[in-house]
Amino acid sequence: MAEVQSYTGADIQVLEGLEPVRKRPGMYIGGTGKAGLHHLVWEIVDNAVDEATNGYATQIDVVLHKDGTTVTVSDNGRGIPVDKHPTKKVSALEVILTTLHAGGKFDGSSYVTSGGLHGVGSSVVNALSETLVAQVKRDGALYEQTYQRGVPVTKLKKVRSNVRGTGTTITFTPDPEIFATTDIDAETIKENLEVKTYLNGALRIVFKNEGTGERIEYHHEGGITEYLDKLVADAETRRVHPDPFVVRQSDLDDGLRTELCFVWTEAPRESITSFVNGIPTRDGGTHEQGLKDGVTKAVRNYIETHDLGQKKLDITADDVREGMIAVVNLYHVDPQFQGQTKEKLNNPEARSAVSGAFRTEFEQFLNAHPSTAEAIVARILQAARARQASRAAVQNVRRKSAVSHRLNLPGKLSDCASTDPTESELFVVEGDSAGGSAKQGRDRKTQAILPLRGKVLNAEQATKAKVLANAELSNIADALGCGVGEDLDVSKLRYHKVVLLMDADADGLHIATLLLTFLYRYMRPLIDGGYVYIAQPPLFRVDALKETWWALDEADRDKVVRRIQKKNPRTQIEVQRFKGLGEMMPATLRETTLDPDKRRLLQVAIPEGTLIETENAISDLMGKDAAPRFRFIMDQAATVQDLDV
Ligand code: 0R9
């Protein structure tokens, strides 16, 4: 226990009244949801922990009562002073419970408080509680006072004499007028209490949940190193050296004090858990920065003096700390916090103070423990190597994807504006003039046109190298963007409809057959995935009765003509046969073949159970002997609707 300090009510600094707290609770506790509600508990617990941290208390009891909302926190410290404040004429206890920002005048003393994030004072808890009862054991007596919504409803009374021991007990019921819910979450409270006992190895916290009958005692004599063990276990990783580096207590300038420990593990990242006066600083801040500085400089210095670095291997600060798991707790008499949730330490002096607190000692530790130092350096070199390797891999992928996504698109491709493959269509069109019509008739947003000019190679008969060297086929592959053969990755396919648009004649069918052979042999997943289609441009235009019909073939034409004649036997019927797609006006091509609402597409599929048949058909049809191919093409030209590969 530390030396007993004398305290009188005159030491209290009085600032403001409590009205603003009830008016704008969010300003003081962050909000009126669950987090705000739990904040009340942290506030009172932290005050009790402060008394323990300063060496006057060893045990804290926390009770969650049967109603699930009333909480009692007790400590066995000195008891909040109950003597009268000289000007206010009330007790010190009442002053700190009814006055915003009241705190002990600890200037020049070493009493540290939670301050900053919490430390808004018990008065805030009082203001936001339906009822609060304060009990103080001090000078052999038990004192008690009750408040409602921050207002004292009793005088401070001595309720018993000849009482043994000292301490403070606060029982409060959060105000349902303020909080959306007043149900306290026992698990959240337990987690928080346990961490407090890691940060103060001498402290024992007993939690009781009267609702469930649960009683749990937290006491971690090993302090922050025991906490480090837990963090390593939680991270499900392995340490690369057995003993962590620990600074248990380091008294620094300006009344600062820190304790910290760290160990290197196989975890893929660093993880620093930091606190100021035992309060978590989830957003880090200057004390964390100090820890990072110290570690990086010490390790770098060790590597340099022992000549352990490697040529061509730059070691970055991130490499040094990869896999490091650390805990740092800084005690500061006047912590300043910043950030949205005030969970980032902002005091500039904390950085050099923390780094200076352990850097030299850590270097000595490395020198004194060569096998530990070796394991740490090996871990760091591994991190540096892995980073360089992954950077090279990323650059490679970037280069490749830049090539396939932009630079490598064929020059003849008129791409669509959309980059969403699910709405994008690629029309592979026979000939430049058909390509021109298609380009003018398409929907630019979703339809891309790739005209084929030269000879399409028969993929069944050529080597892979030759196939990929064929300008027309490699243009198709480049436009599709998903690779070929074993490198094909359907997820990279740039269009989810690949439509072969050929003239409805034997030549057109021949080209379609060659393209399908290529797709079957080199891009089969596109067929299996149902991405490949054959367009059906009309072969005839039929005009009569001021109307136009499109017919796919002779049979279709005859059907249309018969229907018109039936309706009006004497009408004049005009029939036009398209010699090729190139003859079609762009508007006609759009209306008959491109417009998704009017066109008819054939989806290419390998019917279930016909894979071997298909395989044989392709090698028969597309193999060296041209006769079967010729017969097939001539036969199929008439019945193109049924085309399957
Ligand atoms: C159950 C929760 N515990 C507390 O809120 C608590 C506050 C507190 C305290 C002191 C001792 N125990 C406490 N428990 C204390 C006592 C003395 C000097 N400083 C602090 C003393 O006896 O001289 N206080 C925290 C602030 C103040 N007391 C006050 F000084 F502002 F009143």
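Parameters at a glance
- Residues numbered from 1 in each chain as written.
- Predicted model: local features only at pLDDT ≥ 70, side-chain atom pairs only at ≥ 80, totals over all residues.
- Heavy atoms only, no water.
- Helix = DSSP H or I, 4+ residues; strand = E, 2+ residues; numbered from the N terminus.
- Buried < 20%, exposed > 50% of the residue type's maximum accessible area, 1.4 Å probe, protein only.
- Contact = heavy atoms within 4.5 Å.
- Areas by Shrake-Rupley, 256 points an atom, 1.4 Å probe, with all protein chains shown as cover.
- Pairing = 2+ DSSP bridges.
- Axes fitted to C-alpha atoms, helices over the stretch in contact; angles between N-to-C directions.
- Parallel < 35°, antiparallel > 145°, perpendicular 65-115°, else oblique.
- Nonpolar A, V, L, I, M, F, W, Y, C, P; charged D, E, K, R; others polar.
- Left-handed = near helix turned anticlockwise from the far one by under 90°.
- Expected span 1.5 Å × (residues − 1).
- Patch = residues over 30% accessible without salt bridge, like charges linked within 9 Å, V, L, I, M, F, W, Y side chains within 5 Å.
- Salt bridge = Lys/Arg side-chain N within 4 Å of Asp/Glu carboxyl O.
- Lys, Arg positive; Asp, Glu negative; His and termini not counted.
- Charge placed at Lys NZ, Arg CZ, Asp CG, Glu CD.

**Quick look at the overall build of the chain**
Alright, step 1. When its secondary structure is counted, the chain shows 20 helices and 24 strands.
Alright, step 2. In the chain, which comprises 645 residues, the share counted as buried stands at 50%.
Alright, step 3. Taking the contacts inside the chain whose residues are at least 6 apart along the sequence as the reference set, 70% of them involve residues at least 24 apart.
Alright, step 4. Accessible area of the chain: about 31,300 Å², with a carbon and sulfur share of 48%.

**A look at the pairing of strand E12 (residues 271-276)**
Alright, step 1. Buried residues dominate E12, accounting for five of its six residues.
Alright, step 2. For E12 and strand E14 (residues 324-331), the ladder comprises six bridges, and the chain directions are parallel. Residue pairing across strands places serine 271 opposite isoleucine 325, the latter belonging to E14.
Alright, step 3. One ladder, built from two bridges, connects E12 with strand E13 (residues 279-280); its direction is antiparallel. Among the inter-strand pairings, valine 276 is bridged to a residue of E13, identified as isoleucine 279.
Alright, step 4. Between E12 and the antiparallel strand that follows it, E13, lie two residues; asparagine 277 among them carries a positive phi value of about 50 degrees.

**So, unusual backbone geometry**
Alright, step 1. You will see that arginine 149, though not glycine, has its phi angle at about 45 degrees, which is positive.
Alright, step 2. Note that arginine 149 resides in the loop between strand E4 (141-148) and strand E5 (151-152).
Alright, step 3. Located in the positive-phi region is leucine 545, a residue other than glycine, with phi close to 50 degrees.

**Focus: the side chain of threonine 588**
Alright, step 1. Mapped onto the elements of the fold, threonine 588 is located in helix H18 (residues 586-594).
Alright, step 2. Not counting chain neighbours up to four residues away, the residues in contact with threonine 588 comprise Arg541, Trp550, Phe578 and Thr593.

**Details of the packing of helix H12 (residues 432-441) against H18**
Alright, step 1. At a closest axis distance of 8 Å, the pairing of H12 and H18 adopts a crossing angle of 80 degrees. Taken together, the axes of H12 and H18 are roughly perpendicular relative to one another. Every residue of H18 that contacts H12 at Ala434, Ser437, Ala438, Gln440 and Gly441 is listed here: Pro586, Leu589, Arg590 and Leu594.
Alright, step 2. Looking at the contact of H12 with H18 residue by residue, the classes come out as five nonpolar, three polar and one charged.

**Details of the sheet that holds strand E22 (residues 547-551)**
Alright, step 1. Taken together, the three strands give an open sheet; going across it, the order is E22-E21-E23, and neighbouring strands pair in antiparallel fashion. Strands with a single pairing partner mark the edges of an open sheet, and in this sheet they are E22 and strand E23 (574-577). Shown here is a sheet whose adjacent strand axes are inclined to one another by a mean of 20 degrees, direction ignored.
Alright, step 2. Bridge count between strand E21 (residues 540-544) and E23: four bridges; the pairing is antiparallel. Of the residues in E23, the one forming a bridge with aspartate 543 is glutamate 574.
Alright, step 3. Helix H17 (residues 554-567) contacts E21, E22 and E23 of the sheet and is inclined by roughly 5 degrees relative to E21.

**Brief notes about the pairing of strand E19 (residues 497-501)**
Alright, step 1. E19 sits mainly inside the fold: four of its five residues count as buried.
Alright, step 2. Bridge count for strand E17 (residues 425-430) against E19 is five bridges, and the pairing is parallel. If you follow valine 428 over to E19, its bridge partner there is leucine 500.
Alright, step 3. The sheet contact formed by E19 and strand E20 (residues 532-535) spans three bridges and is parallel.

**Some remarks on the packing of helix H8 (residues 286-305) against helix H10 (residues 349-368)**
Alright, step 1. Two elements in contact, H8 and H10, have axes separated by 7 Å at closest approach and are oriented at 30 degrees. By the angle between their directions, the pair H8 and H10 is classed as roughly parallel. Here the hand of the crossing between H8 and H10 comes out right-handed.
Alright, step 2. Here the residues of the contact of H8 with H10 are counted per class, giving ten nonpolar, eight polar and five charged.

**Some words on helix H3 (residues 34-53)**
Alright, step 1. End to end, H3 covers 27 Å across 20 residues, agreeing with the expected 28 Å (1.5 Å per residue, within 8%).
Alright, step 2. Counting buried positions along H3 gives 17 out of 20 residues, so the element sits mostly inside the fold.

**A word on a positive patch on the surface**
Alright, step 1. A grouping of Lys559, Arg562, Arg563, Lys567 and Arg600 is seen on the molecular surface, where their side chains present a positively charged patch.
Alright, step 2. Here lysine 567 is to be found in helix H17.
Alright, step 3. By relative accessible area, lysine 567 is classed as exposed at 65%.

Interpretation in functional terms is not warranted from these geometric data alone.
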